[in-house]
Amino acid sequence: MADHPFLELRTPRLILRRFRPSDTREFRAYRADPEVARYQSWDPAYSLEEAEAFVESVSRASPGTPGAWFQFAAVSATTGHLVGDVGLRTDANDPSLFELGVTVAPAHHHQGYAAEMAAAVISYAFTTLAAAAIRAITDTRNESSIRLLEHLNFRRTETTEAVFKGEECEEHTYELSAPEG
Ligand SMILES: CC(C)(COP(=O)(O)OP(=O)(O)OC[C@H]1O[C@@H](n2cnc3c(N)ncnc32)[C@H](O)[C@@H]1OP(=O)(O)O)[C@@H](O)C(=O)NCCC(=O)NCCS
């Protein structure tokens, strides 16, 4: 499948667009929060230089590129401030399979923003990217993530033992299939 150019998605309260250099400080602030980083791939000692490099690399990416993540910056439609981001990875071998990841800055938790930004990206994946299924993997202790995925109608398909950040743990895999018809 060819790469898809991406402009923006709109929801009632958010604009999802490419990352811009002006997002870097707000992005770094929530990535460096230990609670936000706890079940995520990055370390809470997340530097401004790492954030700059990340923003620079994702600003050149396209959604739908096999084997690669695309990161949608979710900003408030009223203030323009960064609320969080949604990552969408296209499977390297099957470009109709995707993986989803959602992060919201703590100041914006429990206001429905995670569900709102994730739903927009899910809809984009099923319609524009012709996704057949979207997966999400979460630590079994990450209750906010589990509630979010179940709220979005993801179905738990398996639970496996894993080692994450040097610690033995269990991970749930969730999946959402494309709507029929
Ligand atoms: C996982 C994560 C994105 C969830 O964010 P969140 O802010 O809890 O998610 P939402 O605001 O969409 O939903 C939370 C609650 O707010 C409620 N809510 C929905 N709309 C609301 C509104 N307009 N006003 C107030 N509350 C609302 C929801 O019903 C939900 O309630 P519940 O938790 O009892 O089911 C967040 O905890 C996070 O960023 N964690 C760190 C990163 C991470 O681990 N990500 C997991 C990757 S899958």
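Look up: the structure comes first, before these words.
Residues numbered from 1 in each chain as written. Predicted model: local features only at pLDDT ≥ 70, side-chain atom pairs only at ≥ 80, totals over all residues. Heavy atoms only, no water.

A. Geometry of the environment of Glu26. Mapped onto the elements, Glu26 comes out in helix 1 (residues 24-31). Separated by 25 residues in the primary sequence, Glu26 and Ala51 place their C-alpha atoms 9.6 Å from one another. Every residue in contact with Glu26, bar those within four places of it in the chain, is listed here: His81 and Leu82. (Helix = DSSP H or I, 4+ residues; strand = E, 2+ residues; numbered from the N terminus. Contact = heavy atoms within 4.5 Å.)

B. Fine view of the site of the ligand. The environment of the ligand is made up of 16 residues, and the closest members are Val102, Val104, His110, Gly112 and Arg147. At 2.8 Å from an oxygen atom of the ligand is found a main-chain nitrogen or oxygen belonging to His110. Between Arg147 and the ligand, the recorded distance is 2.6 Å, taken from a side-chain N or O atom to an oxygen atom. For the ligand, whose free accessible area comes to 960 Å², the fraction covered by protein is 70%. When contributions to the shell around the ligand are tallied by element, the ones reaching two or more residues are strand 5 (97-104), helix 4 (113-127) and helix 5 (143-151). (Near = heavy atom within 4 Å. Polar contact = N/O pair within 3.5 Å; in protein donor to acceptor, adjacent residues only side chain to side chain. Areas by Shrake-Rupley, 256 points an atom, 1.4 Å probe, with all protein chains shown as cover.)

C. Focus on the pairing of strand 3 (residues 69-76). Judged by how many residues are buried, strand 3 sits mostly within the fold: seven of eight residues are covered. As paired strands, strand 2 (residues 14-17) and strand 3 are joined by four bridges and run antiparallel to one another. The residue of strand 3 that forms the bridge with Leu14 is Ser76. Linking strand 3 back to strand 4 (residues 82-90) in an antiparallel pair, the connection comprises five residues, with Gly80 at a positive phi of about 80°. (Buried < 20%, exposed > 50% of the residue type's maximum accessible area, 1.4 Å probe, protein only. Pairing = 2+ DSSP bridges.)

D. How the structure looks around the pairing of strand 4. For strand 4, the tally of buried residues reaches eight of nine residues, placing the bulk of the element in the interior. Across seven bridges, the pairing between strand 3 and strand 4 is antiparallel. Paired with Ala73 across the two strands is Asp85, which belongs to strand 4. Direction of pairing for strand 4 relative to strand 5: antiparallel, over a ladder of seven bridges. The residue of strand 5 that forms the bridge with Arg89 is Glu99. Following strand 4, the chain reverses through six residues before pairing antiparallel with strand 5.

E. Up close: the nonpolar core. Judged by nonpolar contacts, the single largest core of 35 residues is most densely connected at Leu16, Phe72, Leu100, Met117, Ile134 and Phe154. Elements with a minimum of two residues in this core: strand 2, strand 3, strand 4, strand 5, helix 4, strand 6 (133-139), helix 5 and strand 8 (167-177). (Core = buried A, V, L, I, M, F, W, Y, C linked by side-chain atoms within 4.5 Å.)

F. How the structure looks around the packing of aromatic side chains. Per the counting criterion, the structure on display carries seven aromatic pairs. Ring plane angle 85° and centroid distance 6.1 Å describe the contact between Phe19 and Phe54, whose orientation is recorded as edge-to-face. Placement of the pair is Phe19 in the loop between strand 2 and helix 1 and Phe54 in helix 3 (residues 48-58), with a sequence separation of 35 residues. Judged by relative accessible area, Phe54 falls into the buried class, the value being 17%. With a centroid separation of 4.8 Å and 80° between ring planes, the pair formed by Phe70 and Phe72 is classed as edge-to-face. This pair shows no difference in class: Phe70 is buried, exactly as Phe72 is. Grouped by ring-pair contacts, the aromatic residues Phe19, Phe27, Tyr30, Tyr46 and Phe54 constitute a single cluster. Lying across the ring of Tyr113, Arg13 places its NZ or CZ 4.1 Å from the centre. Of note, Arg31 hangs over the ring of Phe54, and the distance from its end group to the ring centre comes to 4.7 Å. (Phe/Tyr/Trp six-rings, centres within 6.5 Å; stacked < 30°, edge-to-face > 60°. Lys NZ or Arg CZ within 6 Å of the ring centre and 35° of its normal.)

G. Here's a closer look at the sheet that holds strand 3. Read from one edge to the other, the open sheet built from eight strands follows the order 1-2-3-4-5-6-8-7, with strand pairing classed as mixed. Each edge of the open sheet is held by one strand with a lone partner, namely strand 1 (8-10) and strand 7 (155-164). Averaged over all pairs of adjacent strands, the angle between their axes in this sheet comes to 25°, without regard to strand direction. Strand contacts of helix 1: strand 3, strand 4 and strand 5, with the helix running at about 80° to strand 4, the strand carrying the most contacts. (Axes fitted to C-alpha atoms, helices over the stretch in contact; angles between N-to-C directions.)

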